[in-house]
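Chain by chain, the residues:
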Amino acid sequence: MSWQLRSERLTALVVLFLLSACNWVFWQKFIALQQPDSLAAWLFIGVGFVFLFLVFNAILTLLALPYVFKPLISLLLLITPFVVYFMSQYGVMINAEMIQNAAETNHAETRDLLTLKMLSYVVLLGVLPLIALWRTKIEFRPFKQELKVKSLILTGSLLLLGVIAAGFYKDFASVFRNHRELKYLLTPSNYIQASSTYLRKSAALRPVEVKPIGEDAKQGARWGKVTRPSLTVIVVGETARAANFSLNDYERETNPQLKKIPELINFSDFRSCGTDTAVSVPCMFSMFERNDYSDKLAKSHQGLLDILQRAGLAVNWRDNQSGCKGTCDRVPNEQTSAQPDPALCRDGECWDEILLKKIPQQLAQLAEGKQSAVLVLHMMGSHGPAYFKRYPDQFERFKPACKTNQLDKCSQGEIMNSYDNTLVYTDHVLASLIQLLQGQQDKVDTAMVYVSDHGESIGERGLYLHGSPYVIAPDYQTHIPALMWFSPQYQQSRGISASCLKQKAAQPYSHDNLFHSMLGLLDVSTKEYQSKLDLFASCRQP
Ligand SMILES: [Zn+2]
């Protein structure tokens, strides 16, 4: 069966399909914001629909050309179902950072996101309309006539839009200005705009010249008194939110092992730089503060690890996740999946304990030499939505846990249980790490600094996962756990006092502090160092 349609009719049908079948998340939000309790409010919503119809229709009318129109609509129908699925299932909003995150995700993470439900979205919103589209013969008139019809439609649309704007412009403008999320929910303009921003940014980035920073970096005066090698471990957490750490007074016991370590310092008011890995991780290791930070700046400048290496420290990045996002490009680095351990790895993914495997060996080597080392461990942490895959069975402390990546198949309580179990496992990994560092503290000065990259929404305000635009991101996505531990000898040789730090641990800090604090802690002198951002500065003896 096949049929014929004039180009303008098909255009209108496509727009109607997009606005009604693919935008219920947008309309839900838009209608909720109006709280329609009167005819006037519903009228406003109706006018909003007409307004968007006219705008979309005008744009597609311009693109409704032979040989162009069908492939273009097909492309929209191929992408849109996935976008609609993620918006409706996880409450995600589509901006450039979200596209970047998707582009930089690894295969295992992608696999976690594929579900049967997603398949049904693809069939209903993609495959079936595509079949209908390709069975349709689009009738184009001779060129001049077609041009005339298009001009008529465009003029008519513009006139109508003008009338609507005259009556409602202020209302629309204020709704969209006060609720930026609407822009990120309107499909397909959200992902078209976000992808073009992302592509523009990454095209601008491509021939990137990495500017050296801290070329003057050298070991400071304190190094003259240091007699033993040290190992400073920086642990980059994943998707751990401060609110669910019992160390931060969460009512459930998610830190059963760490709470038994009296020397542990818990920074209870620590904020992330971004709301996703692709922003937060490079930002953490860059000298730029969140307010000035951009992906371009980070990728075109060296970072903390370059400076530490230049100052003579042996730097190493060990990754149990989707890579270091450029931050470890010039230092030795390794991916745990390259040498999987059958006891700790399944289907190309490993539990975070694999990060600790080589530490005893490294400590033994350090003990024999003189050089000090900095080791960065990049955790898989609480990466969702497949929380249940992040921990071995014996860490299923909270039951029943959600055991699928389709969060809508689980109750809120089950999702929270599986998320909290990931934190119980993280607690175990960090406590085991400290135990390893403690075990060798008579030979090597040892320390651990743990900071998560961003938090997570678990159903609050209907949001799941993370990646909300920073300005409107809920606290759950930006308030992150940060923990430190220093052996007594490390404190002594670095001149810092854990008890002093404990007193200041409730003050507000953020990822902005990490760069300068690490330089200060490791006594690397460079003109890039700012003591006002060094959270150790006031707890260090001169
Ligand atoms: Zn992350």
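For clarity, every value in this text was computed on a predicted model and none was experimentally measured.

Criteria and cut-off values
Residues numbered from 1 in each chain as written. Predicted model: local features only at pLDDT ≥ 70, side-chain atom pairs only at ≥ 80, totals over all residues. Heavy atoms only, no water. Helix = DSSP H or I, 4+ residues; strand = E, 2+ residues; numbered from the N terminus. Donors = N, O, S within 2.8 Å, 3.2 Å for Na, K, Ca; no water. Buried < 20%, exposed > 50% of the residue type's maximum accessible area, 1.4 Å probe, protein only. Phe/Tyr/Trp six-rings, centres within 6.5 Å; stacked < 30°, edge-to-face > 60°. UniProt positions renumbered as here; feature names shortened; annotations may be inferred.

Participant: What is the right way to read unusual backbone geometry from this model?
Facilitator: A negative phi holds for most residues other than glycine; trans holds for most peptide bonds. Residue Pro188 is reached from Thr187 by a cis peptide bond, and omega for that bond is 0°. Tracing the sequence through the fold places Pro188 in the loop between helix 9 (181-185) and helix 10 (189-205). Following Lys399, the chain continues into Pro400 via a peptide bond in cis, with omega recorded as -5°. Positive phi, close to 60°, is recorded for Leu465, a residue that is not glycine. Relative to the elements of secondary structure, Leu465 occurs in strand 13 (residues 464-465).

Participant: Looking at this structure, how should I read the coordination of the zinc ion?
Facilitator: A metal bound by six donors in octahedral fashion has ideal angles of 90 or 180 degrees, whereas one bound by four tetrahedral donors has an ideal angle of 109.5 degrees. At this site the zinc ion is bound by Glu238 (OE), Glu238 (OE), Thr277 (OG1), Asp453 (OD) and His454 (NE2), with donor distances of 1.9 to 2.5 Å. Sequence spacing of the donor residues for the zinc ion, all on one chain, is E-x38-T-x175-D-H. Linking Thr277 in helix 11 (residues 277-284) with Asp453 in the loop between strand 11 (445-452) and strand 12 (457-458), this pair joins segments that are 176 residues apart in sequence. Pair check on accessibility: Thr277 and Asp453 agree, each one buried.

Participant: Would you take a moment to explain the packing of aromatic side chains for this structure?
Facilitator: How two aromatic rings sit relative to each other is set out by the distance from centre to centre and by the angle between their planes. With the rule as written, the count across this model stands at 18 aromatic pairs. Aromatic pair Phe26 and Trp27: ring centres 5.1 Å apart, planes at 80°, arrangement edge-to-face. According to the relative accessible area criterion, Phe26 is buried, its value standing at 1%. Since its relative accessible area comes to 11%, Trp27 is described here as buried. Between Trp27 and Phe30 the ring centres are 5.8 Å apart and the planes differ by 85°, which places this aromatic pair in the edge-to-face class. Pair noted here: Trp27 and Phe30 are both in helix 2 (residues 24-34), with a separation of 3 residues, about one helical turn.

Participant: Explanation requested: the UniProt feature "domain: Sulfatase N-terminal" (unreviewed entry) in the protein chain in the structure shown.
Facilitator: The UniProt record annotates "domain: Sulfatase N-terminal" (unreviewed entry) at residues 232-524. In this annotation, residues 232-524 is assigned 29% helix and 19% strand; the end-to-end C-alpha distance for the span is 14 Å.

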